[in-house]
Amino acid sequence: MRTRRRTDRGVEAQHQRLSRPPPEALAQAAAVARVLVGADRVLVEGHSDPDGDVCGSCLALCCALRELGRQVVVYSEQPFPHNFAWLPGGALVETRLDPDARFDATVICDAGDLSRLGPQSPQPPWCGTLCWIDHHRHPSPPGDVNYVDPAAPAVGEQIREILHVMNHPISIDVATCIYASLVSDTGSFRYANTTPRALTLAGEMVACGVNPWQMTERIFESQPRERLLLLSRVLPTLDISPCGRFASITISSADMAAVNAGPELTDGFINFPRSIAGVEVAIQFRQRDGEYKVGFRSRGNVDVSGVAEQLGGGGHANAAGCILAGDLLKVRQQVYLAVRQHLDRQRGRR
Ligand SMILES: [Mn+2]
């Protein structure tokens, strides 16, 4: 009996540890909170080609700061994708910034790198104190104040921690945005970042009034028909390597134009090649002007961030990308070679 109780306490302690961010992350959250408490005009921005985590984390912070009486501008060069634009505050997102706009603080969410910000993003000193909130690894985060926690399942969780430090209660609007960021970055609670922290936070948001089925319906089951029409053109481009360990799809400008679909409708397409048995790395080539935006997704412990870096990009272990100029044939050859070598190296290490 005694042993049993000790075990229970051990499990509980482990649960506590895994369901909370580490102390150093909380200290960084507090530093950002201090900046925000003293700021009246705040700019919030995420990376270009905004995904659910960018939309959810930026809008969660925006809603909370507005509840606190702050003036907040959310800037995104590209409009938020249809399945996240409906989030509270989403209608007020600005795709252009007044060049004379001045801010006390600028909060960058989920950006990975400065190069992934919009062209009108204000430079110092007009941006005010630059707060860098991210769960991408960065050798030297560029903010005046940095809150980088690679173990955070989504930046939405980091926003939750900042609001916690500020002692600001989570409204249903904020909870909706945070849940959206989580459901998006964890692939509906399927990816490896579906940690106790992710699930604990999701539970909290549901307790705040978020309705999971309603979120599913709005995020995943309200697709514009153009998206499916585009998918029907993209799937025939499926190319599986002779070894069967990687596979790619290609999204051409011509196919997008033919069905009147923009790049914002392609989110998640890359999961199709990854879902093939035996495929360890999925690659997506998306044409954009004279270049290709190349996305990598891997499964398990295959780390694609190294491949992306080798090709001038970056990202996470299981999701990374780069941009390459040139025609498709050349770009494909270059990428396939890098992926093949990378997979061979990883196999050699195991
Ligand atoms: Mn993210």
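Residues numbered from 1 in each chain as written. Predicted model: local features only at pLDDT ≥ 70, side-chain atom pairs only at ≥ 80, totals over all residues. Heavy atoms only, no water.

**What about the sheet that holds strand β2 (residues 71-75)?**
Reasoning step 1: Spatial ordering of the open sheet is given by β2-β1-β3-β4-β5, a layout of five strands whose pairing is parallel. The sheet is open, and its two edges are formed by β2 and β5 (145-148), each paired on a single side. Along the sheet, successive strands turn relative to each other by an average axial angle of 15 degrees, direction set aside.
Reasoning step 2: Of the strand pairs in this sheet, strand β3 (residues 105-109) and strand β4 (residues 129-134) are connected by five bridges, and their pairing is parallel. Across the sheet, residue T106 finds its bridge partner in β4, namely L130.
Reasoning step 3: This element, helix α2 (residues 23-37), spans β1 (41-46), β3, β4 and β5 of the sheet and lies at about 140 degrees to β5.
Reasoning step 4: Sheet contacts for helix α5 (residues 155-165): β3, β4 and β5; angle to β4, the most-contacted strand, approximately 125 degrees. (Pairing = 2+ DSSP bridges. Helix = DSSP H or I, 4+ residues; strand = E, 2+ residues; numbered from the N terminus. Axes fitted to C-alpha atoms, helices over the stretch in contact; angles between N-to-C directions. Contact = heavy atoms within 4.5 Å.)

**Here's the deal with the coordination of the manganese ion**
Reasoning step 1: Those donors, D53 (OD), D110 (OD), H135 (NE2) and D185 (OD), are the protein atoms that reach the manganese ion, and they lie 2.1 to 2.4 Å from it.
Reasoning step 2: Here the donor residues of the manganese ion are spaced in sequence according to D-x56-D-x24-H-x49-D. Pair noted here: D53 is in helix α3 (residues 52-67) and D185 is in helix α6 (residues 172-185), with a separation of 132 residues, a long-range link. (Donors = N, O, S within 2.8 Å, 3.2 Å for Na, K, Ca; no water.)

**Side note on the domain arrangement of the chain**
Reasoning step 1: Once the domains are mapped, the chain shows domain 1 (2-219) and domain 2 (226-349).
Reasoning step 2: Facing six residues of domain 1, the contacting portion of domain 2 comprises eight residues.
Reasoning step 3: When domain 1 packs against domain 2, close to 650 Å² is buried across both sides, 45% of that on carbon and sulfur atoms.
Reasoning step 4: Of the charged contacts in the structure, one is a salt bridge between K293 and D49, with a shortest N-O distance of 3.1 Å.
Reasoning step 5: Scanning the region where domain 1 abuts domain 2 turns up three residue pairs in polar contact (both at pLDDT 80 or more).
Reasoning step 6: The residue makeup of the side of domain 1 that touches domain 2, split by class, is two nonpolar, three polar and one charged. (Domains from an automatic or database assignment. Buried area = accessible area lost by both parts, 1.4 Å probe. Salt bridge = Lys/Arg side-chain N within 4 Å of Asp/Glu carboxyl O. Polar contact = N/O pair within 3.5 Å; in protein donor to acceptor, adjacent residues only side chain to side chain. Nonpolar A, V, L, I, M, F, W, Y, C, P; charged D, E, K, R; others polar.)

**What about empty space enclosed by the protein?**
Reasoning step 1: Tallied over the entire structure, the rule returns one cavity of 30 Å³ or more.
Reasoning step 2: By volume, the largest cavity is sized at about 50 Å³.
Reasoning step 3: Surrounding the largest cavity, 13 residues form its lining, G46, H47, Y75, S76 and E77 being those nearest its centre.
Reasoning step 4: Of the residues contributing to the lining of the largest cavity, the split by class is four nonpolar, six polar and three charged. (1 Å grid on protein atoms, 1.4 Å probe; cavity = no way out; pocket = protein on both sides within 12 Å on 5 of 7 lines; lining within 4 Å. Points joined across faces, edges and corners; volume = space filled by probe spheres on them.)

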